[in-house]
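The primary structure of each chain is shown beneath.
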Amino acid sequence: MGVLFRDVLRWDREAPDGWTGPVDVRVAGPTIAAVGRPGERLQAAPGDRVVEAAGRRLLVPGLVNAHFHSPANHLKASVPSLPLELFMLFESPADPALTPSPREAYLRTLIGAVEMLQNGVTSVQDDAFLMPGPDPEIIDAVAQAYLDAGQRATLALDQPELTEAEKLPFVARLRADLGPRAGLLDQPAPVPAPQLLEAYDHLITRWHRAGDDRLRAAVSVSAPQRVSPDYFAALDDLATTHGLPLFAHLLETKPQRTLITEQPRFGGRSLVGWTHHLGLLRPHTNVIHAVWVDENDLALIADAGATIAHNPVSNLRLGSGVMPWRAVHRAGVPVALGTDEAICDDAVNLWPVVKTAGLVHNITGADPGDWPTPAEILDAVWTGGARAQRRAGELGAVEPGMLADLALLDLDRVAFTPFNDLREQLVHCEDGRDVVLTMVGGQVVAEHGRVTTVDQDAVLAEARELFARRRATVQQARRDAEELVPAYRRMVASAAATDVGFTRWVGR
Ligand SMILES: [Zn+2]
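Nothing here was measured: the structure is a model prediction, and the numbers come from that model.

1. Notes on the overall build of the chain
Piece 1. Check the secondary structure of the chain and you find 19 helices and 18 strands.
Piece 2. Its C-alpha atoms give the chain a radius of gyration of 22 Å, near enough to 23 Å, the size a compact globule of 508 residues would have.
Piece 3. Per-residue burial for the chain yields a buried fraction of 60% across its 508 residues.
Piece 4. Intrachain contacts of the chain at a sequence separation of at least 6 include 77% that bridge at least 24 residues.
Piece 5. Accessible surface computed for the chain: about 19000 Å², of which carbon and sulfur atoms make up 52%.
Piece 6. When the 48 basic and 65 acidic side-chain charges of the chain are each reduced to a single mean position, those positions are 2 Å apart.

Right, dumping it as structure tokens:
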């Protein structure tokens with residue numbers, strides 16, 4: 001049984017206005033079986049559902065959230081805006097009392113999946129940090145949530161492997177400032193590499209290509225400064241063997257830039273240069289953030305054929321800085337867009353990210369030729385998003401043979417009234433509320449703002465109750481973290497005062 005979209009406008013990146021139609025689009029099984037020519041009637045097969053659009057609805061590829069961490073889904077709006085290095089003290093304190101039950105892991109994953117599907121976000125790359133460690137039953141709960149929700153997900157385990165002292169700059173000063181608590185800088189990471197690799201074995205064996213290939217595994221180093229070269233290389237081998245993306249947060253913040261001089265083990269290289277030096281900057285690498293990159297870093301990323309996952313809302317929320325959009329494009333590096341986690345975007349909705357990406361780079365200078373065009377932004381969502389998942393040619397277009405990951409938008413709503421310029425209106429007017437149907441792999445998963453695959457009201461009600469009971473424990477762990485703030489704040493200030501030859505902060 002398929003779906004026939006009758007008389008829809010179809011997103012077409014090659015068309016002068018970004019759309020063609022009205023046309024009929026027929027979905028059969030997981031793929032788009034046919035796209036009619038204007039005026040051509042496609043026949044519905046017996047049992048097909050027919051969605052009448054009357055030329056007033058637009059079919060676009062489902063949006064791709066290229067960077068996300070589901071374990072913080074229940075923590076939205078719970079931490080004030082802080083620089084990353086301070087923020088991380090509150091994000092996931094290593095407190096055993098915060099160990100989730102499988103049900104909590106399942107429900108928190110579903111909260112995010114529901115929000116994304118309501119808004120037409122059909123694919124997500126979930127760089128899941130599972131504290132204190134990636135237990136198989138927690139991995140199973142996360143994976144099962146995506147399968148039940150019907151969202152396409154690429155799931156990795158974002159686990160650090162080194163000590164705080166090995167990851168941070170200005171460690172001698174930090175150690176002195178922490179005084180009696182300095183020992184935490186040398187505490188080993190909760191889970192050693194061999195155990196992490198066992199967890200990957202479970203993830204890949206049990207879940208890679210599950211649910212008719214809607215679920216795939218990825219690997220994650222979290223960030224190069226957080227793992228040993230051996231563990232990094234082992235994950236890269238897994239990526240090569242199984243055809244997986246590799247996620248690496250790279251140069252998100254200025255303190256990370258200062259590791260060039262502040263961590264001798266990098267031999268005077270930036271983290272991008274270090275990754276390249278290890279031979280681990282590769283076509284399957286998702287370079288997450290790339291805010292504090294310079295031209296040399298961008299040349300290395302371009303040569304590797306890697307993709308940058310750009311998260312402008314997160315970068316603003318944490319004051320990380322503004323990624324050099326035009327320099328990235330001039331270097332020829334493909335870009336995808338992500339929300340980053342709910343605790344630092346707060347809305348797990350890619351549309352505001354699209355709008356922010358379309359706006360924030362305009363404040364970097366007066367030459368509008370350097371600003372992003374709506375076509376570039378939308379290419380990042382669809383073409384870049386498909387590439388980041390290693391699914392170029394399968395996702396990101398409404399064409400025969402592509403996977404039927406689709407969002408149907410109502411053009412009679414305010415955002416498109418009057419209908420002036422589709423690309424501009426998708427970037428600057430749409431916020432997700434006009435998505436009236438979301439489809440993943442040919443299956444309708446949300447309609448008129450409601451997810452159809454799970455009992456949305458029951459899921460949200462249970463999550464509200466369960467996480468309300470957790471609140472006191474979370475708050476206690478955060479009170480403990482407060483004690484570390486003054487020392488970490490001085491570390492961030494030292495980095496901020498360091499001349500690295502350029503800045504990614506604007507507006508001073
Ligand atoms: Zn992230």
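From this point on, the discussion continues.
2. Focus on the UniProt feature "domain: Amidohydrolase-related" (unreviewed entry) in the chain
Piece 1. Here the UniProt feature "domain: Amidohydrolase-related" (unreviewed entry) sits at residues 59-445.
Piece 2. Secondary structure across residues 59-445 comprises 40% helix and 16% strand; the distance between its end C-alpha atoms is 15 Å.

3. Quick notes on the domain arrangement of the chain
Piece 1. According to the domain assignment, the chain contains domain 1 (3-61 + 400-451) and domain 2 (63-388).
Piece 2. Measuring from the centre of the C-alpha atoms in domain 1 to the corresponding centre in domain 2 gives 31 Å.
Piece 3. Buried area between domain 1 and domain 2, summed over both chains or domains, comes out near 2100 Å², and the portion from carbon and sulfur atoms is 66%.
Piece 4. Linking domain 1 to domain 2 there are two salt bridges.
Piece 5. For the pair domain 1 and domain 2, the number of links is eight residue pairs in polar contact (both at pLDDT 80 or more).
Piece 6. For the side of domain 1 that touches domain 2, the secondary-structure elements that each account for two or more residues are strand E5 (57-61), strand E15 (406-410), helix H17 (422-428), strand E16 (435-440) and strand E17 (443-447).
Piece 7. The element best represented in the side of domain 1 that touches domain 2 is H17, accounting for five residues.
Piece 8. Class assignment for the residues of the side of domain 1 that touches domain 2 results in 15 nonpolar, six polar and seven charged.

4. Thoughts on the coordination of the zinc ion
Piece 1. Taken together, His67 (NE2), His69 (NE2), His249 (NE2) and Asp340 (OD) make up the protein donors of the zinc ion, found 2.0 to 2.7 Å from the metal.
Piece 2. Coordination at the zinc ion is irregular, judged from the four donor atoms that bind it and the angles of 85 to 173° they form at the metal.

Parameters at a glance
- Here the residue numbering is sequential within each chain, running from 1 through the sequence in written order.
- Since the coordinates come from a predicted model, pLDDT governs what is reported: local features require at least 70, and pairs of side-chain atoms require 80 or more to be given and counted, while whole-chain, interface and lining totals use all residues.
- The basis for the side-chain values is all heavy atoms of the structure; hydrogens and waters are excluded.
- What counts as a helix is a DSSP run of H or I of at least four residues, what counts as a strand is a run of E of at least two, and both are numbered from the N terminus.
- Each radius of gyration reported is based on C-alpha atoms, and the globular scaling rule is 2.2 Å times the count of residues to the power 0.38.
- Partly exposed residues are those whose accessible area sits between 20% and 50% of the maximum for their type, while under 20% is buried and over 50% is exposed, using a 1.4 Å probe and protein chains only.
- Pairs of residues are marked as contacts when any of their non-hydrogen atoms sit within 4.5 Å.
- Here, Shrake-Rupley sampling with a 1.4 Å probe gives the accessible areas, and only protein chains in the shown set may cover a residue.
- In this tally, Lys and Arg are treated as positive and Asp and Glu as negative; His is ignored, and so are the chain termini.
- By convention, the charge on Lys lies at NZ, on Arg at CZ, on Asp at CG and on Glu at CD.
- UniProt positions are given in the numbering used here, feature names are shortened, and annotations may be inferred rather than shown by experiment.
- Domain start and end points were adopted from an automatic or database domain assignment.
- Note: buried area is the sum, over both parts, of the accessible area (probe 1.4 Å) each one loses when the two are combined.
- Only one rule defines a salt bridge in this text: a Lys or Arg side-chain nitrogen within 4 Å of an Asp or Glu carboxyl oxygen.
- In the analysis that follows, any N or O atom pair within 3.5 Å is treated as a polar contact, provided that within protein one partner can donate a hydrogen and the other can accept it, and provided that, for residues neighboring in sequence, both atoms belong to side chains.
- Just so you know the grouping, Ala, Val, Leu, Ile, Met, Phe, Trp, Tyr, Cys and Pro go in nonpolar, Asp, Glu, Lys and Arg go in charged, and all remaining residues, Gly too, go in polar.
- Keep in mind that water is not among the atoms, so a site may look incomplete; donors are the N, O and S atoms within 2.8 Å of the metal, or 3.2 Å for Na, K and Ca.
- Site shape is set this way: if four donors have all angles between 85 and 135 degrees, tetrahedral; if opposite donors are over 155 degrees apart and all others between 65 and 115, square planar for four donors and octahedral for six; otherwise irregular.

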